[in-house]
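Observations on the model geometry
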Amino acid sequence: MCGRFVLAAEPDDIGEHFEVEAEDFPARHNIAPTQPILAILDEHGHRASRLMRWGLVPGWVKDPRDFPLLVNARAETMAGKPAFRDALNHGRCIVPASGYYEWQAGPDKRKQPYFISRADGRPMALAGLYTIWAGPNGEEVDTVATITVAANAQMAEIHDRMPAILDPGDFDAWLDVRGVTGAQALPLIRPLPEGVLKFHPVSSRVNSANTDDPDLIVPVRPEAPPRPRQMDLF
């Protein structure tokens, strides 16, 4: 799954890459669920950007406090899930990212975090679904979930899932909820070919969502598991 990611590019660079006037946002190196994230969508035939809460809340939910946090949607099942079905047809979006974090489980059950980014240095286009939740008092909250797919062979070394990352040639079709149905858009959601991404181990400081600084993505040596304690025979 994808539970943390980075967006450190300048708004102008995001705007140029995604052909949109990007909302102003600060560089973030440890974005976590429930926090505001940048999303790109189609509004009346034109691309627009909007800050949304990461954690989708379907419109039919009465009280978000009584509903589980939907951070990711599995590509294989989302078309049949009531929580995602309408968004697949009417609320497709792109979440820009500089990279994301994933944790590799070791034989001793300790988890080593990795930072994963595109090998060519370009921003990632995470496929997403969004809804607008309207409360009983007229309040509205834009909410979004990112989509995951089975990992390709390269990424499977770290985790069995990976975000669905769109090819630039597929941006228009994915965002075009008026002319492209959810069923027609589903083939755009697929694992990237091997070699498109690169990854390296990073500090376990990223485990805390309260930690957010550029050093989080600096490569480190994998943290070795503790040596077994030797018993004193005397």
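Structure: see above.
Everything numeric here is computed off the predicted structure, so don't read it as measured data. For every chain, the first residue of the written sequence is number 1, and numbering continues from 1 onward in sequence order. Selection of residues for local features in this predicted model requires a pLDDT of at least 70, selection of side-chain atom pairs for listing and counting requires 80 or more, and totals for whole chains, interfaces and linings are taken over all residues. Excluding hydrogens and water, the side-chain values take into account all heavy atoms of the structure.

What follows deals with the overall build of the protein. Helix and strand labels come from DSSP, where a helix needs a run of H or I of at least four residues and a strand needs a run of E of at least two; each type is numbered from the N terminus. Within the protein, the secondary structure is distributed over 4 helices and 12 strands. Its C-alpha radius of gyration of 19 Å places the protein within 12% of the 17 Å reference for a compact globule of 234 residues. Taken along its principal axes, the extent of the C-alpha atoms in the protein is 75 × 40 × 35 Å. For the exposure calls, accessible area comes from a 1.4 Å probe over protein chains only, and a residue counts as buried if that area is under 20% of its type's maximum, exposed if over 50%, partly exposed in between. A total of 234 residues make up the protein; the buried ones form 47% of that total. In this treatment the radius of gyration is a C-alpha quantity, and the globule benchmark scales as 2.2 Å times the residue count to the 0.38 power.

Assignment of secondary structure puts A87 in helix α2 (residues 82-90). Judged by its relative accessible area of 4%, A87 falls in the buried class. Sequence-wise, A87 and A127 are 40 residues apart; in three dimensions their C-alpha atoms are separated by 12 Å. The contact criterion used is simple: two residues touch if any of their non-hydrogen atoms lie within 4.5 Å. Residues within four places of A87 in sequence aside, it is in contact with R92, L129, Y130 and T131.

A separate point is the sheet that holds strand β12 (residues 197-201). Pairing between the strands of a sheet comes from backbone hydrogen bonds, and it takes one of two forms, parallel or antiparallel. Paired strands are those between which DSSP finds at least two bridges. Read from one edge of the open sheet, 5 strands run β2-β1-β7-β8-β12, paired in antiparallel fashion. At either margin of the open sheet sits one strand with a lone partner, and together these are β2 (28-31) and β12. Across the sheet, the mean angle separating the axes of adjacent strands is 30 degrees when strand polarity is ignored. When strand β1 (residues 5-7) meets strand β7 (residues 99-105), the two strands line up antiparallel, connected through 2 bridges. Residue pairing across strands places V6 opposite G99, the latter belonging to β7. An axis is simply a line fitted to the C-alpha atoms; with a helix, the fit covers only the stretch in contact. Between two such axes, the angle follows the N-to-C directions and lies from 0 to 180 degrees.

A cavity here means a set of points on a 1 Å grid, drawn over the protein atoms and nothing else, where a 1.4 Å probe fits but cannot get out; a pocket is an open set with protein on both sides within 12 Å along at least five of seven lines, and a residue lines either one if it has an atom within 4 Å of a point. Grid points are joined across faces, edges and corners, and a volume is the space filled by probe spheres set on the points. Summed over the entire model, instances satisfying the criterion amount to 1 cavity of 30 Å³ or more. Estimated volume of the largest cavity: approximately 30 Å³. In terms of lining, the largest cavity is formed by H17, R118, R122, P123, M124, A125, L166, P168 and F171. Think of it as three bins: nonpolar holds Ala, Val, Leu, Ile, Met, Phe, Trp, Tyr, Cys and Pro, charged holds Asp, Glu, Lys and Arg, and polar takes everything else, Gly as well. Of the residues assigned to the lining of the largest cavity, the class counts are 6 nonpolar, 1 polar and 2 charged.

On to the packing of aromatic side chains. Think of it this way: a Phe, Tyr or Trp ring, Trp meaning its six-membered ring, pairs with another when their centres are within 6.5 Å, and the plane angle makes it stacked under 30 degrees, edge-to-face over 60, tilted otherwise. Scanning the entire structure with this criterion turns up 6 aromatic pairs. On the numbers, 6.4 Å between centres and 50 degrees between planes, the contact of Y101 with W103 is tilted. With respect to burial, Y101 and W103 carry one shared label: buried. Taken together through their ring pairs, the aromatic side chains of Y101, W103 and F115 make up a single cluster.

Where strand β3 (residues 36-43) meets strand β4 (residues 46-54), 8 bridges bridge the pair, whose relative direction is antiparallel. Along β4, the bridge assignment pairs A39 with R50. In this structure, the hairpin formed by β3 and β4 is closed by a connection of 2 residues, where H44 is found at a positive phi of approximately 55 degrees. With 2 bridges joining them, β4 and strand β10 (residues 140-150) adopt parallel strand pairing. Residue pairing for β10: R53 is matched across the bridge by T143.

In short, geometric facts, not functional conclusions.
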